[in-house]
Amino acid sequence: MPDSNEDRLLHSALGRTAECLPVERLETLDAQGRAHVDHCTYCQNELAMLLEFRDAAPKAEEAADIAWMQAELERRLTATPPRLPSPGIWEKAMAWFHQAFPSRGWAAVPVAAALLLLVAGGMYLRTGEERLRPPTGDQVWRSQSFAAIAPVGDVPSAPTELQWDAVPGASQYLVRVMEVDRKEIWRGEAAGTRIALPPEIRSQMTAGRSFLWTVNARDVAGSTLAESALQSFHILATSR
Amino acid sequence: MALWCLRLTGDREAAADLAQEVFLKAFRYLDSYRGESKFSTWLYSITRNHCFNEIKSRATKPEDTGEAVLVELADTSPDVHTQLERRDSAELLRGLVRDSLTDVEARVMTLHYAEELPLQAVTQLLGLENASGAKAYIVSAKRKLARALARSKPGARG
């Protein structure tokens with residue numbers, strides 16, 4: 001493939017062009033990038049695959065296969081340590097281990113164990129990202145004393161404001177908005193139970209992206225009274 | 001990542017093989033991750049490229065996707081004039097795909113013709129549940145493109 005003249009034409013017409021965006025630019029589209037994606041079938045498919053890779057949660061019928069894969073990978077890596085593609089891998093694995101376990105004696109730990117950690121970490125990364133994005137919009141993962149109310153779950157566009165429950169005795173609320181890797185993109189303070197998002201932050205909240213936010217309630221002395229549950233919202237992709 | 005491999009292959013053992021290979025590759029090239037994109041985006045790039053290459057290398061023969069209906073656009077004469085015409089044809093075809101096909105049809109066509117994934121892999125990756133999977137979308141898309149092409153000819157009515 002491509003085999004026939006028609007296949008070759010379709011390959012040429014539907015394939016990547018010089019104007020197509022690298023995948024790193026697809027995750028944070030600016031206006032110019034958005035304009036290209038809007039009329040490029042190739043980049044639209046690439047963006048869809050990236051979002052599916054990052055955000056897809058297993059369906060009920062897939063859960064057993066995923067559990068089997070995790071068990072199988074662990075079994076393979078512990079039962080039969082894999083042949084390493086290059087000596088450099090050993091050095092990297094051991095460097096990781098020495099960093100994680102600085103005491104002596106760990107040099108004898110098989111690389112399989114390091115790779116097992118890597119696999120487990122990868123599984124955790126995947127499931128962790130799923131935990132960061134509630135499928136239904138009404139799920140809260142951690143709640144010590146009060147709730148962040150809105151926005152939560154899938155929203156049609158960038159929210160104009162954030163709202164949360166009042167905390168008795170609180171005189172000030174510190175609000176933080178983060179990307180899904182918990183990199184903070186904005187923080188603000190409010191005396192009441194809502195705060196407006198500035199336009200420059202809203203402009204970053206483009207279709208298909210997810211964000212986390214949390215609220216810290218403080219008393220007049222600035223001491224923390226309560227920390228809200230970590231909440232998440234996802235800007236729905238625009239449909240064509 | 002494991003879920004994506006599973007959806008692409010439709011087989012948990014093949015998916016476990018791919019996931020293991022991707023982890024090894026990610027580990028090997030960890031130094032190349034510079035934090036300029038999300039880690040999940042970096043891992044996606046590795047997963048996508050590795051899995052697509054593996055799937056394509058296992059595909060044995062071209063698949064029948066119905067009769068050629070875009071033959072007028074697909075001239076292969078080697079002269080420069082025709083090559084220029086072919087470039088125009090590709091641009092015309094891009095416009096027809098954009099304007100005539102549904103999102104799913106466009107994705108199926110892109111994955112099969114641009115990424116060269118076998119029909120079975122396209123069906124699984126997109127979770128298509130109709131009886132003949134991606135092939136039905138391709139047949140439908142080609143018919144739409146042929147009709148749109150006929151309408152786009154100078155002097156065409158309607």
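Please refer to the structure higher up on the page.
Cut-offs and rules
Per chain, residue numbering runs from 1 following the sequence as it is written. As they are written, the chains are lettered A onward and the ligands numbered 1 onward, keeping that order. Reporting in this predicted model follows two pLDDT cut-offs: at least 70 for local features of residues, and 80 or more for side-chain atom pairs to be given and counted; totals over whole chains, interfaces and linings ignore these cut-offs and use all residues. Each helix is a run of DSSP H or I of at least 4 residues and each strand a run of E of at least 2, with the numbering of both proceeding from the N terminus. Residue burial here comes from a neighbour count, namely the number of other C-beta atoms, placed from the backbone, that lie within 10 Å of the residue's own C-beta, with 20 or more meaning buried, 12 or fewer meaning exposed, and in between meaning partly exposed. Any two residues are considered in contact once their C-beta atoms, placed from the backbone, lie within 7 Å. In this analysis, axes come from line fits to C-alpha atoms, helices being fitted only over the stretch in contact, and the angle between any two N-to-C directions falls in the range 0 to 180 degrees. Orientation is classified from the angle alone, with under 35 degrees giving roughly parallel, over 145 giving roughly antiparallel, 65 to 115 giving roughly perpendicular, and any other angle giving oblique. Residue type decides the class: Asp, Glu, Lys and Arg count as charged, Ala, Val, Leu, Ile, Met, Phe, Trp, Tyr, Cys and Pro as nonpolar, and the leftover types, Gly among them, as polar. If DSSP finds at least two bridges between two strands, the strands pair. Each nonpolar core reported here comprises buried Ala, Val, Leu, Ile, Met, Phe, Trp, Tyr and Cys residues connected via C-beta atoms within 7 Å.

Draft legend 1. Examining the overall build of chain A more closely. Helices and strands together make up the secondary structure of chain A, namely 8 helices and 9 strands. Burial statistics for chain A: of 240 residues in total, 27% are counted as buried. Taking contacts inside chain A between residues at least 6 apart in sequence as the whole, the part at least 24 apart equals 58%.

Draft legend 2. Up close: the overall build of chain B. The helix and strand inventory of chain B stands at 7 helices and 0 strands. Starting at the N terminus and walking to the C terminus, you meet the elements of chain B as α-α-α-α-α-α-α. Among the 158 residues that make up chain B, the fraction classed as buried is 40%. Taking contacts inside chain B between residues at least 6 apart in sequence as the whole, the part at least 24 apart equals 59%.

Draft legend 3. Looking closely at the packing of helix 5 (residues 103–114) of chain B against helix 7 (residues 134–152) of chain B. Residues and elements named next belong to chain B. Where helix 5 meets helix 7, the closest approach of the two axes is 9 Å, and the angle between their N-to-C directions is 105°. With respect to each other, helix 5 and helix 7 are oriented roughly perpendicular. Counted together, Val104, Glu105, Val108, Met109 and His112 of helix 5 and Ala134, Tyr137, Ile138, Ser140 and Ala141 of helix 7 form the full contact between these two elements. Of the residues contributing to the contact of helix 5 with helix 7, the split by class is 7 nonpolar, 2 polar and 1 charged.

Draft legend 4. Structural context of the environment of Thr214 of chain A. Residues and elements named next belong to chain A. Within the fold, Thr214 resides in strand 7 (residues 210–218). Thr214 sits in the buried class, given 20 other C-beta atoms within 10 Å. Separated by 52 residues in sequence, Thr214 and Leu162 have C-alpha atoms that sit 9.8 Å apart.

Draft legend 5. Spatial organisation of unusual backbone geometry. Residues and elements named next belong to chain B. At Glu116, a position not held by glycine, the phi torsion is positive, near 60°. By secondary structure assignment, the location of Glu116 is in the loop between helix 5 and helix 6 (119–126). Residue classification places Glu116 among the partly exposed residues on the basis of 18 C-beta atoms within 10 Å.

Draft legend 6. Just helix 6 of chain B, in detail. Residues and elements named next belong to chain B. Along helix 6, 7 of the 8 residues are buried, which leaves the element largely enclosed by surrounding structure. Considered for burial, the residues of helix 6 that qualify are Leu119, Ala121, Val122, Thr123, Gln124, Leu125 and Leu126. In this fold, the buried residues of helix 6 make contact with helix 1 (2–9), helix 3 (39–58), helix 5 and helix 7. Where helix 6 ends, the next residue or the one after it, Gly127, has phi of about 65°, a positive value.

Draft legend 7. Examining the environment of Ala150 of chain A more closely. By the element assignment, Ala150 of chain A lies in strand 1 (residues 148–150). The exposure class of Ala150 of chain A is partly exposed, given the 16 C-beta atoms found within 10 Å.

Draft legend 8. The sheet that holds strand 1 of chain A, seen in detail. Residues and elements named next belong to chain A. If you walk across this open sheet you meet the 3 strands as 1-3-6, and the pairing is antiparallel. The open sheet has two free edges, formed respectively by strand 1 and strand 6 (194–196), since each of these has just one partner strand. Averaged over neighbouring strand pairs, the angle between their axes works out to 25° when direction is ignored. Examined bridge by bridge, strand 3 (residues 161–164) and strand 6 share 3 bridges and lie antiparallel to one another. Bridging across to strand 6, Leu162 finds its partner in Ile195.

Draft legend 9. Structural context of the pairing of strand 9 (residues 231–235) of chain A. Residues and elements named next belong to chain A. In terms of burial, strand 9 is a largely internal element, 4 of the 5 residues being buried. Note that strand 7 and strand 9 share 4 bridges and pair antiparallel. Paired with Phe211 across the two strands is Phe233, which belongs to strand 9.

Draft legend 10. Here's a closer look at the pairing of strand 8 (residues 224–227) of chain A. Residues and elements named next belong to chain A. Sheet topology note: the strand 7/strand 8 ladder contains 3 bridges and is antiparallel. Within strand 8, the position partnered with Asn216 by the bridge is Glu227. Where strand 7 folds back onto strand 8 in an antiparallel hairpin, the turn is made up of 5 residues, including Gly222, whose phi is positive at roughly 90°.

Draft legend 11. Highlighting the nonpolar core. Cys5, Ala19, Val108, Met109 and Val122 of chain B are the most contacted members of the largest nonpolar core, which totals 59 residues. If you look at the next biggest cluster of nonpolar residues, it comprises 19 residues, including Leu162, Trp164, Met205 and Ala229 of chain A.

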